[in-house]
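Report on the structure
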Amino acid sequence: MKEIPANRFENLRLATLQISIATHNSKDLFELYSQLHEIISGLMPARNFYIALVDSEQKTIAFPYFVDEVDSPDGVTSLPEMPIDGKSLTGQVIQKAETIHFFRDAAYADEGFEEVILIGGDSEEWLGVPLKNLDGEVIGVIVVQRYDKITREYDQFDIDILNFVSNQIALAIELKLRDENLKRSEDKYKALIENLNDIVYSFDPKGFVRFISSAVTRYGYTVEELLGKNVSSIVHEMDIEKFKKLTLDVLKGRVQPITVRLYDKEGRIHWFQTVNSAYRDGDDFYINGALSDITERVKMEEDMQISRQKLFEANQAKDSFFSILAHDLKSPFTGILGFSEFLVNDINDLTLEEIAEFANRINSSARAILDLLNNLLDWSRIQTNRLEYSPENININEIMFNVNSIVVPITHQKGLEYIYEIESDIMLFTDRSMLETVFRNLISNAIKFTPRGGSIIVTGEVSGDVMRFSVSDSGVGMEQETMDKLFNLNELVTTSGTENEKGTGLGLKLCYEFVKRHGGVLTVESRPGEGSTFSFDIPVVTI
């Protein structure tokens, strides 16, 4: 069943309530049929509408309610009974126990089409849905049809809606038939209520409950403990005035659906939609109603609102990111182009030392671009849930050898002291690529924000079944506001380094996600002017 649009879903919700109320309040079957016709007309075109009922003993179909602009132009009528066979579409719906949607032009254009009897005139379009009882037996058919090309065609939502309400209509008709046969006995009336999912209730003008259906037991209450209680005892305090106003409006003849919050026995809040109606018993007035639980729909709407807000924030972050990315790609490419042009145009006039210096700067710019693109690739994999986590047993020495071969030359180039204090020959259970990326990004970040003459300390020691790593620097440090944004994928924090080094701010977010994949958490401690320390745990191999 496709998701029904919100406006039609609300109409459907109201219709189910109206069907319940019509079942309770209609004085006989004919009035019930009339009200069902009116309710269906509020959901789809139903100018031509009929209900057919099965007589299983006689194997015939009766038509107790028939409205048709061709066969009954003067209004509602009934038709003679006819045998159940495949010669009519109505009979086919009963025999197949399934919906039939018939288009005259399409059917007549089909060479294999076998002519069928249409109840009513030769309609352009015919839609029939089986009415099934609680045992799954077909007890009748509900039909709408269209004779002209002006009235809109029935779409899939009409089919789904008619199927959705058909069980409730079938139940309503069956119960009303029983009520008529048993002179509207009280037992059968209660059976109708007990078979509804909605909480049906009745209370007096002062709010004291006189009747409530057993559906309330789903919320922890017994029927007995609520009888005689005031409804305000279970209504949310912020909705009590709304409920009182509803009662006054109903007594004045104004009926409209409202949404209220009720408490269950455990104090949890549930959202309900209700439609009330007033009735008189002698000199006393009472208010009847049916509560439909819409908690899931309310939660879904709240989740959708949160999702829309997150999407808005993500789009803002994306726009900011692309702006930063374009800027940070432009700088190294400008360097590469500039130095390469020197080499192309003036190579014969340059010394070997100058050529080596230009080549080194081109290499540095290219490496910066490669690091940026690698981070961008990993970031995109995280965003699309395509990042694979492949842990294996690896010696920490192998990891740090690869990392140090990249970062140590850079620390020397910037004149930083690099202190390495990691326990040797510890076996880790880790994803090699992810862990190397974490160390490279954290150490590169420390280099970026530590001025010349400063120091970087990398430590690691075993603690239980994990190895605790830290990367500390004596750099510029951070404010708390900056730290709060570091690991949020929707917040981009980009700051130039002590020597104007560039960056997108992606590196730390990748580190956070990679450590998270290992079951750990990346934490940071920092103060402005005193440096920063990033710490995380990686599982060790236990024998």
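The notes below deal with the structure included here.

What follows is about the pairing of strand β16 (residues 466-473). Counting buried positions along β16 gives six out of eight residues, so the element sits mostly inside the fold. Examined bridge by bridge, strand β15 (residues 455-463) and β16 share eight bridges and lie antiparallel to one another. By the bridge assignment for β16, Gly460 is matched with Phe469. In textbook terms, the turn of a hairpin is the stretch between consecutive antiparallel strands, and for β15 and β16 this stretch comprises two residues, one of which, Gly464, has a positive phi near 70 degrees. The pairing of β16 with strand β18 (residues 531-539) spans seven bridges and is antiparallel. The residue of β18 that forms the bridge with Met467 is Ile538.

Here we come to the sheet that holds strand β1 (residues 48-55). The strand order across the open sheet formed by six strands is β3-β2-β1-β6-β5-β4, and the pairing between neighbours is antiparallel. Each edge of the open sheet is held by one strand with a lone partner, namely β3 (77-83) and β4 (100-103). Between one strand and the next, the sheet's axes are offset by a mean angle of 20 degrees, whatever the strand orientation. Sheet topology places strand β2 (residues 60-67) next to β3; four bridges connect them, and they run antiparallel. Of the residues in β3, the one forming a bridge with Phe63 is Leu79. Helix α2 (residues 29-41) rests against β1, β2 and β6 (138-146) of the sheet, and its axis sits at about 65 degrees to β2. Helix α3 (residues 89-96) contacts β1, β2, β4, β5 (125-132) and β6 of the sheet and is inclined by roughly 35 degrees relative to β5.

Summed over the entire model, instances satisfying the criterion amount to two cavities of 30 Å³ or more. Volume-wise, the largest cavity comes out at about 200 Å³. As for the largest cavity, its lining consists of 20 residues, and the residues nearest its centre are Ile199, Ile212, Ile234, Leu262 and Leu291. Where the lining of the largest cavity is concerned, the elements lending two or more residues are β7 (199-203), β8 (209-212), β9 (258-263) and β10 (269-281). Counting residues per element, the lining of the largest cavity draws most heavily on β7, at four residues. Taken together, the residues that form the lining of the largest cavity break down as 17 nonpolar, two polar and one charged.

A word on the packing of aromatic side chains. Summed over all chains, the structure comprises 11 aromatic pairs. Here the aromatic residues Phe30, Tyr33, Phe49 and Tyr65 are joined through ring pairs into a cluster of three or more.

Moving on, we come to the pattern of salt bridges. Under the criterion given, the structure shown has 19 salt bridges. Between Arg47 and Glu69 there is a salt bridge, with its nearest N and O atoms 3.7 Å apart. Of the two residues, Arg47 is situated in the loop between α2 and β1 and Glu69 in the loop between β2 and β3; the sequence distance between them amounts to 22 residues. The exposure class of Arg47 is exposed, given its relative accessible area of 57%. In the salt-bridge network here, residues are joined through shared partners; they are Arg8, Arg152, Asp155 and Asp158.

Conventions adopted
- Residues numbered from 1 in each chain as written.
- Predicted model: local features only at pLDDT ≥ 70, side-chain atom pairs only at ≥ 80, totals over all residues.
- Heavy atoms only, no water.
- Buried < 20%, exposed > 50% of the residue type's maximum accessible area, 1.4 Å probe, protein only.
- Helix = DSSP H or I, 4+ residues; strand = E, 2+ residues; numbered from the N terminus.
- Pairing = 2+ DSSP bridges.
- Axes fitted to C-alpha atoms, helices over the stretch in contact; angles between N-to-C directions.
- Contact = heavy atoms within 4.5 Å.
- 1 Å grid on protein atoms, 1.4 Å probe; cavity = no way out; pocket = protein on both sides within 12 Å on 5 of 7 lines; lining within 4 Å.
- Points joined across faces, edges and corners; volume = space filled by probe spheres on them.
- Nonpolar A, V, L, I, M, F, W, Y, C, P; charged D, E, K, R; others polar.
- Phe/Tyr/Trp six-rings, centres within 6.5 Å; stacked < 30°, edge-to-face > 60°.
- Salt bridge = Lys/Arg side-chain N within 4 Å of Asp/Glu carboxyl O.

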